[in-house]
Amino acid sequence: MSTPVSPPTGSESNTDAASASFVDVRDLAFRYGDRKALDGISFSLDRCRILGLLGPNGSGKTTLFRILCTLLQPQGGQIRLAGLDLEADPAGVRRRMGVVFQTNSLDQELTVAENLVCQGRLHGLRGARLTTRIEELLERFDLGGRRNSRVRTLSGGMRRRTELAKGLLHRPQILLLDEPTAGLDPHIRQEFWKHLTDLRDSSGITILFTTHLMEEAEVCDRLVILDQGRVVTEGSPVELKDRIGGDVIVVHSPDPNGLKARIQARFPGPASVVNGAVRMEQHRGHELIRDLMEEFSGEIQAVYLGRPTLEDVFIRETGREFQASAEAISR
Ligand code: ADP
């Protein structure tokens, strides 16, 4: 785990790489017939950062991902990636970009090394140059011992790492990943993310990924939360959770709307009903819980107190729970 992926050279390097916004997306719009999939999406990102695009099913992640990797043409707005306008120079953007799709893109009957050789040839790499790059990547992703194994014999984590190596062979400046660890066990997810953060730190690569997993979204430097084709909020995961301030209290009751009204008449601060439970945000939440229990114990079935999570951020911004089914899909 040490050989860095060398920074781009020759025509791949560019003066814009030093500019503040390495990724700049403005007012992006896309619709399928009458259905708006992206409705004025804007965000930006500095170089050498990891950006997560988090949203429940139907929020527009796939559409956005496909536009960013030039598979779909935007119907409005502008995108600049690594200093290039995507619409004006899609081929230039593609040269600077590595893509890791959620679905398998490896030939199962070929070995790890053979898959990488094929990919390298597609990028015009040959001979010692290609061999060196493959060796660098096999070492970086702990695949050296499995170079001659057929892909079908690899574990899920090894396959993802092979996909990653494949996406990095041409030394891109930006790496795009679609739901990178969906379907992997938690410890394999962690390991995969360690590879990605090492890559950012040692190679200066800029990483964008889509996800519907809160846990996965925690690792990024900057998070853009999407819902129904719009950006609902953005910031680092810590900033977003800090904005809530205090604790989150959730009270379960047979009559949540009635209890909410009675709580609001008695205590300051907003309360709402989300998914059949009363929800409040409060500094020193344990004191409020004590007061609630004194006042309404006969109406309370259960009380939950917690530090804000990204789920709480989503609820605060949209008034709805993050699609609970999204977690289930990945299992
Ligand atoms: P996500 O990846 O977050 O689930 P998508 O980008 O797939 O979101 O979808 C965004 C919206 O566009 C959803 O309302 C979805 O139903 C709609 N949509 C996606 N693909 C198509 C399509 N081919 N035709 C019509 N509507 C689509």
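Residues numbered from 1 in each chain as written. Predicted model: local features only at pLDDT ≥ 70, side-chain atom pairs only at ≥ 80, totals over all residues. Heavy atoms only, no water.

Concerning the site of the ligand
Here comes step 1: Taken together, Y32, R35, A37, P56, N57, G58, S59, G60, K61, T62 and T63 are the residues near the ligand.
Here comes step 2: Residue G58 places a main-chain N or O atom 2.7 Å away from an oxygen atom belonging to the ligand.
Here comes step 3: At a separation of 2.5 Å, an oxygen atom of the ligand approaches a polar side-chain atom of T63.
Here comes step 4: Within the complex, the protein chains bury 62% of what would otherwise be the 560 Å² of accessible surface of the ligand.
Here comes step 5: Looking at the shell around the ligand, the elements that each hand over two or more residues are β2 (35-45) and α1 (61-68).
Here comes step 6: Sort the elements by how many residues they give to the shell around the ligand and α1 lands first, with three residues. (Near = heavy atom within 4 Å. Polar contact = N/O pair within 3.5 Å; in protein donor to acceptor, adjacent residues only side chain to side chain. Areas by Shrake-Rupley, 256 points an atom, 1.4 Å probe, with all protein chains shown as cover. Helix = DSSP H or I, 4+ residues; strand = E, 2+ residues; numbered from the N terminus.)

Brief notes about the nonpolar core
Here comes step 1: Grouped together as the largest cluster of nonpolar side chains are 42 residues, with contacts concentrated most on L164, L168, L175, L177, L196 and L223.
Here comes step 2: Core analysis: the second largest hydrophobic core is formed by 30 residues, A37, L51, C69 and L226 among them. (Core = buried A, V, L, I, M, F, W, Y, C linked by side-chain atoms within 4.5 Å. Buried < 20%, exposed > 50% of the residue type's maximum accessible area, 1.4 Å probe, protein only.)

Overview of the side chain of R279
Here comes step 1: The residue R279 is located in strand β13 (residues 277-282) in this model.
Here comes step 2: A polar atom in the side chain of R279 sits 3.4 Å from the side chain of E281.
Here comes step 3: The residues contacting R279, other than those within four sequence positions of it, are V248, I249, V250, P270, A271, S272, V274, D312 and I315. (Contact = heavy atoms within 4.5 Å.)

Focus: the sheet that holds strand β4 (residues 76-81)
Here comes step 1: Read from one edge of the open sheet, four strands run β2-β1-β4-β5, paired in antiparallel fashion. Of all the strands in the sheet, just β2 and β5 (84-85) have a single pairing partner and so form its edges.
Here comes step 2: Where strand β1 (residues 23-32) and β4 come together, five bridges link them in antiparallel fashion. Bridge pairing in β4 links V25 to I79. (Pairing = 2+ DSSP bridges.)

Side note on the sheet that holds strand β11 (residues 247-252)
Here comes step 1: With respect to topology, four strands assemble into an open sheet ordered β12-β13-β11-β14, the strand pairing being antiparallel. Here the strands that pair on one side only, and so sit at the sheet edges, are β12 (271-274) and β14 (302-306). Direction aside, neighbouring strands of the sheet carry axes that sit 25 degrees apart on average.
Here comes step 2: Taken together, the four bridges between β12 and β13 define a ladder with antiparallel strand orientation. Across the sheet, residue S272 finds its bridge partner in β13, namely R279. (Axes fitted to C-alpha atoms, helices over the stretch in contact; angles between N-to-C directions.)

Details of the packing of aromatic side chains
Here comes step 1: In total, this model carries four aromatic pairs according to the counting rule given.
Here comes step 2: The ring of F22 has R47 lying over it, and the distance from NZ or CZ to the ring centre is 5.4 Å.
Here comes step 3: The ring of F267 has R266 lying over it, and the distance from NZ or CZ to the ring centre is 4.8 Å. (Phe/Tyr/Trp six-rings, centres within 6.5 Å; stacked < 30°, edge-to-face > 60°. Lys NZ or Arg CZ within 6 Å of the ring centre and 35° of its normal.)

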